[in-house]
Amino acid sequence: MKIYTQRLDDIKKNQMFEVLELSFDTRQKSRFRATLANGTDIGVDLPRTGILRSGSFIATAEGDVLRIDAKPEHLMQVTAQHGFDLLKAAYHLGNRHVPLMLTPAAVYFEPDHVLAEMIIGLGLFIEEVEHPFEPESGAYAQHSHDHRLSPIKALHHVHH
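Residues numbered from 1 in each chain as written. Predicted model: local features only at pLDDT ≥ 70, side-chain atom pairs only at ≥ 80, totals over all residues. Heavy atoms only, no water.

## Quick look at the overall build of the protein
Broken down by element type, the protein carries four helices and 10 strands. Ordered by position from the N terminus, the helices and strands of the protein form the series β-β-α-β-β-β-β-β-α-β-β-α-β-α. Residue pairs at least 24 apart in sequence account for 67% of intrachain contacts in the protein once pairs closer than 6 positions are excluded. A total of about 10,400 Å² of accessible surface is found on the protein, and carbon and sulfur atoms cover 53% of it. (Helix = DSSP H or I, 4+ residues; strand = E, 2+ residues; numbered from the N terminus. Contact = heavy atoms within 4.5 Å. Areas by Shrake-Rupley, 256 points an atom, 1.4 Å probe, with all protein chains shown as cover.)

Set out below in structure tokens:
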């Protein structure tokens, strides 16, 4: 069984890799087993350095590379006629500390009927959908594979 033990920041242009879709729950774990599309069983044993974001690459000691993608899963999708209403929904959901995925047109969270009723009470639209789940990492997350510049990296780039 291939065991993937390394996170890769980037890969070579011509690097071959396989793709594995995983749920958000699995991508939060540093150790798990999975089966590739071709039926091959693999193991993952990574350092505990945060969530595997969709598009992350991991590798075996032998150099086999795997791209991890977010698997579509059952989610609640919140939409609104006005952007400000969607902002209010994000505020109220965020106050309850549930993982949220934010997009310009919708907010997504894992199914919770109490929260769904609250959203309806706020006058927003909610429906159950199948969608990849890539929640915000949070302001105090230790590490993220978000390739936007952090404020520290941005300052570093400015001074060089």
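## A word on the environment of lysine 2
The topology assignment puts lysine 2 in strand E1 (residues 2–8). Those residues within four positions of lysine 2 in sequence are excluded, and the remaining contacts are Glu18, Asp41, Ile42, Gly43, Thr60 and Asp64.

## Observations concerning the pattern of salt bridges
Counting across every chain of the model gives seven salt bridges. Note that aspartate 64 and lysine 2 form a salt bridge whose closest N and O atoms lie 3.6 Å from each other. Of the two residues, aspartate 64 sits in the loop between strand E5 (56–60) and strand E6 (65–70) while lysine 2 sits in strand E1, which places them 62 residues apart along the sequence. A salt bridge links arginine 53 to glutamate 134, with the shortest nitrogen-to-oxygen separation between them at 2.7 Å. (Salt bridge = Lys/Arg side-chain N within 4 Å of Asp/Glu carboxyl O.)

## A short note on the environment of alanine 61
Structurally, alanine 61 is set in the loop between E5 and E6. C-alpha separation for the pair alanine 61 and glutamine 6, spaced 55 residues apart in sequence, amounts to 7.4 Å. Non-local contacts of alanine 61, meaning those with residues more than four positions away in its chain, are made with Ile3, Thr5 and Gln6.

## Thoughts on the sheet that holds E1
The strand order across the open sheet formed by six strands is E2-E6-E5-E1-E4-E3, and the pairing between neighbours is mixed. The sheet terminates laterally at strand E2 (18–22) and strand E3 (31–35), the two strands that pair on one side only. Averaged over all neighbouring strand pairs, the angle between strand axes comes to 35°, with direction disregarded. The sheet contact formed by E5 and E6 spans four bridges and is antiparallel. Counted as the bridge partner of isoleucine 58 is leucine 66 from E6. (Pairing = 2+ DSSP bridges. Axes fitted to C-alpha atoms, helices over the stretch in contact; angles between N-to-C directions.)

## A closer look at helix H2 (residues 83–94)
The end-to-end C-alpha distance of H2, which contains 12 residues, comes to 16 Å, matching closely the 16 Å that a straight helix rising 1.5 Å per residue would cover. Among all positions of H2, only Leu86, Ala89, Ala90 and Leu93 are buried. The buried residues of H2 occupy an angular sector of 100° when the element is viewed end-on, so they sit on one face. Exposed and oriented more than 90 degrees from the buried face of H2 are Phe84, Leu87 and Tyr91. On the buried face of H2, the contacting elements are strand E7 (72–79), strand E8 (101–102), strand E9 (107–109) and helix H3 (113–121). (Expected span 1.5 Å × (residues − 1). Buried < 20%, exposed > 50% of the residue type's maximum accessible area, 1.4 Å probe, protein only. Arc of directions from axis to C-beta.)

## Some words on the side chain of serine 56
In this fold, serine 56 is placed in strand E5. Within the structure, serine 56 has its side chain in polar contact with the backbone oxygen of arginine 53 (distance 2.6 Å). (Polar contact = N/O pair within 3.5 Å; in protein donor to acceptor, adjacent residues only side chain to side chain.)

## So, the packing of aromatic side chains
Taken as a whole, this structure holds two aromatic pairs when the rule is applied. A ring pair is formed by phenylalanine 17 and phenylalanine 57, whose centres lie 5.1 Å apart and whose planes are at 80°; its orientation type is edge-to-face. Taken as a pair, phenylalanine 17 in the loop between E1 and E2 and phenylalanine 57 in strand E5 lie far apart in primary sequence, 40 residues in all. Classification of phenylalanine 17 by relative accessible area gives partly exposed; the value is 32%. On the basis of relative accessibility, which here comes to 14%, the residue phenylalanine 57 falls in the buried class. Look at phenylalanine 24 and phenylalanine 133: their rings are 5.3 Å apart centre to centre, the planes differ by 80°, and that puts the pair in the edge-to-face class. Separated by 109 residues along the polypeptide, phenylalanine 24 in helix H1 (residues 24–27) and phenylalanine 133 in the loop between strand E10 (125–132) and helix H4 (151–158) bring together distant segments of the chain. For the pair shown, phenylalanine 24 and phenylalanine 133 are each scored as buried. (Phe/Tyr/Trp six-rings, centres within 6.5 Å; stacked < 30°, edge-to-face > 60°.)

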